[in-house]
Amino acid sequence: MTTPRSEVALLAGAAGAIYLFHELLYKDGFLRRWLEDWMDPWIPVGTISELHLSPVKSMRAHLVPTAHCSAWGLQVGEMIDRHLIVIENDTGKFMAAKYQPKLVRILPTIENGVLTLESVDNVLDPIHVSISDAVAQNKQRKTELYTKGQQISGLDMGAEIGDWISKIVYDEPGKCRLLYHIVGKHTNEREMQVDTTWCPGSEGRAEPDKPIFGDENTYMLMSEGSLADLNSRFSFDGCEPYSARQFRPTILITGCVPYEEDKWRRVKIGRECEFLNVKPCTRCVLVLVDPEKGTKAENNEPLKTLRAYRSAPAKDRAQYGYSPFFGIHLGVDRTGNVNVGDTVYAKYKKNYDESYFDECRRETKA
């Protein structure tokens, strides 16, 4: 018995309708993505000029030519961005360069299962520690970052490397420990920080990023244009202008006008990676630390100047205080690889307030 052609056509039509409905409903469906990109096209805004990977929070970053973007941050081989942290041995409190500037003069590397710390100033000989040995000893400790109650744990890498760091920072042993976080094995109660007012539409993500030991989020993007504008406000008298290292970005781009990144709702890099602009990067006293000298500026610059023209208006002071905005935090929406030289695309916010910082500028002039 054969099925009438009309029934075949009806079944085919129903199957097509179901597929079409699924494609439109599923956020990663090809048809839905094509339709969204057709209605709201990606606009080329620049190219990646630098990728900064910091395996240990507050220590010196590696400039890498290529990296994988995961939900935990940039990853190159065995190194994941900020998946190690220095803590106080006695209290378990985390240590950051804003309090201990000498940390920025230590370069960490992980290769073939060995963690190496190197003093950029050659204060001490490099130290090498086997990660498998630390895993075998399984001495775990917890620390708490800026959000109260969000605990995160890691392997204590041992007294030898802790003493090495202590001698760099304090000139005596016994004060520091280094924790190594293994994704999926150790406790991570932290959540990505999102400001839906800053970028409507960034809420409701099924799988938000899980920052490890980074301050707030997994990715921070800033532009060379914004950095150049900041540097133009100073007279360096023969000294080097501020470098991107001073502001510890993950992704540095070139080719866009200053502060254009504030206006982006979504960011796409190359053909693979997509991000959401989830929050402005608010700056603290860490930007006072010179990454080349490991010292802290006594004149409160460049933070003082940034506050004069990049602080939030009064209506947002309860949330941000006087911390100036410089760069944007991103949450990865589609993982993949990125490379220096990749084209950066953006979709712009629908109702960006061009006068957002005007109040700050008027207060400064007054």
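Residues numbered from 1 in each chain as written. Predicted model: local features only at pLDDT ≥ 70, side-chain atom pairs only at ≥ 80, totals over all residues. Heavy atoms only, no water.

Student: Outline the overall build of the protein, listing residues and values.
Tutor: Assigned secondary structure in the protein consists of eight helices and 21 strands. Taken across its 366 residues, the protein has 49% of its residues classed as buried. In the protein, once contacts between residues fewer than 6 apart in sequence are set aside, the share between residues at least 24 apart is 73%. Carbon together with sulfur atoms contributes 52% to the accessible area of the protein, which is approximately 17900 Å² in total. (Helix = DSSP H or I, 4+ residues; strand = E, 2+ residues; numbered from the N terminus. Buried < 20%, exposed > 50% of the residue type's maximum accessible area, 1.4 Å probe, protein only. Contact = heavy atoms within 4.5 Å. Areas by Shrake-Rupley, 256 points an atom, 1.4 Å probe, with all protein chains shown as cover.)

Student: Now, about the environment of alanine 71: what can you tell me, with residues and values included?
Tutor: If you trace the backbone, alanine 71 turns up in the loop between strand 3 (66–70) and strand 4 (73–76). Of the residues examined, alanine 71 reaches a relative accessible area of 23% and is grouped as partly exposed. Between the C-alpha atom of alanine 71 and that of threonine 218, which follows or precedes it by 147 residues, the distance is 7.4 Å. Not counting the four nearest positions on each side in its chain, alanine 71 is found in contact with Asp209, Lys210, Thr218, Val332 and Thr335.

Student: Talk me through the pairing of strand 6 (residues 84–88); I want residue IDs and the actual numbers.
Tutor: Counting buried positions along strand 6 gives four out of five residues, so the element sits mostly inside the fold. Sheet topology places strand 6 next to strand 12 (residues 176–180); five bridges connect them, and they run antiparallel. Across the sheet, leucine 84 pairs through a bridge with tyrosine 180, a residue of strand 12. (Pairing = 2+ DSSP bridges.)

Student: Help me get a handle on helix 5 (residues 224–231), residues and values and all.
Tutor: Counting buried residues in helix 5 gives six out of eight residues, a clear majority hidden from the surface. When helix 5 is considered as a whole, its buried residues turn out to be Gly225, Ser226, Leu227, Asp229, Leu230 and Asn231. Contacts made by the buried residues of helix 5 are with strand 13 (219–223), helix 6 (303–310) and strand 19 (325–334).

Student: Describe the packing of aromatic side chains, naming the residues involved and giving the relevant values.
Tutor: What the rule picks out here adds up to twelve aromatic pairs. An angle of 75° between the planes, with centres 4.9 Å apart, marks the rings of tyrosine 320 and phenylalanine 325 as edge-to-face. Each of the two residues, tyrosine 320 as well as phenylalanine 325, counts as buried. For phenylalanine 325, a relative accessible area of 0% gives the class buried. The rings of Trp198, Tyr320, Phe325, Tyr356 and Phe357 are connected pair by pair, giving a single aromatic cluster. We note arginine 310 situated over the ring of phenylalanine 357; from NZ or CZ to the ring centre the distance is 4.2 Å. (Phe/Tyr/Trp six-rings, centres within 6.5 Å; stacked < 30°, edge-to-face > 60°. Lys NZ or Arg CZ within 6 Å of the ring centre and 35° of its normal.)

Student: I'd like a description of the nonpolar core, backed by residues and values.
Tutor: Soluble globular proteins tend to pack their nonpolar side chains together in the buried interior. Of all hydrophobic cores here, the largest spans 56 residues; its most connected members are Leu117, Ile165, Leu178 and Phe275. Setting aside anything within four residues of it in sequence, one finds leucine 178 in contact with Val56, Leu84, Ile85, Val86, Leu115, Leu117, Leu155, Asp156, Met157, Ile161 and Ile165. In terms of nonpolar packing, the next biggest core, distinct from the first, is built from 17 residues, Met220, Met222, Leu227 and Tyr309 among them. (Core = buried A, V, L, I, M, F, W, Y, C linked by side-chain atoms within 4.5 Å.)

Student: Can you lay out the pattern of salt bridges for me, pointing to particular residues and giving the numbers?
Tutor: Under the defined criterion, the tally for this structure stands at 15 salt bridges. Among the ionic pairs, aspartate 40 bridges to lysine 350, the shortest N-O distance being 3.7 Å. Linking aspartate 40 in the loop between helix 2 (30–39) and strand 1 (43–53) with lysine 350 in the loop between strand 21 (343–348) and helix 8 (358–365), this pair joins segments that are 310 residues apart in sequence. Looking at lysine 350, the relative accessible area reads 59%, which means it is exposed. A salt bridge links aspartate 229 to arginine 233, with the shortest nitrogen-to-oxygen separation between them at 3.0 Å. Linked through salt bridges whose partners overlap, the residues forming this network are Arg60, Arg105, Asp121 and Glu292. (Salt bridge = Lys/Arg side-chain N within 4 Å of Asp/Glu carboxyl O.)

Student: Help me get a handle on the sheet that holds strand 6, residues and values and all.
Tutor: The strand order across the open sheet formed by four strands is 6-12-11-10, and the pairing between neighbours is antiparallel. Edge strands, defined here as strands with exactly one partner in the open sheet, are strand 6 and strand 10 (140–144). Direction aside, the axes of adjacent strands within the sheet are offset by 50° on average. The sheet strands contacting helix 4 (residues 159–170) are strand 6 and strand 12, and the helix crosses strand 12 at an angle near 125°. (Axes fitted to C-alpha atoms, helices over the stretch in contact; angles between N-to-C directions.)

Student: I'd love a proper account of the side chain of arginine 82, names of residues and values included.
Tutor: Residue placement: arginine 82 occurs in the loop between strand 5 (79–80) and strand 6. Separated by 2.6 Å, the side chains of arginine 82 and aspartate 81 make a polar contact. If near-sequence neighbours (up to four positions away) are discounted, arginine 82 is found in contact with Ser54, Pro55, Lys57, Ile212, Phe213, Gly214 and Arg248. (Polar contact = N/O pair within 3.5 Å; in protein donor to acceptor, adjacent residues only side chain to side chain.)

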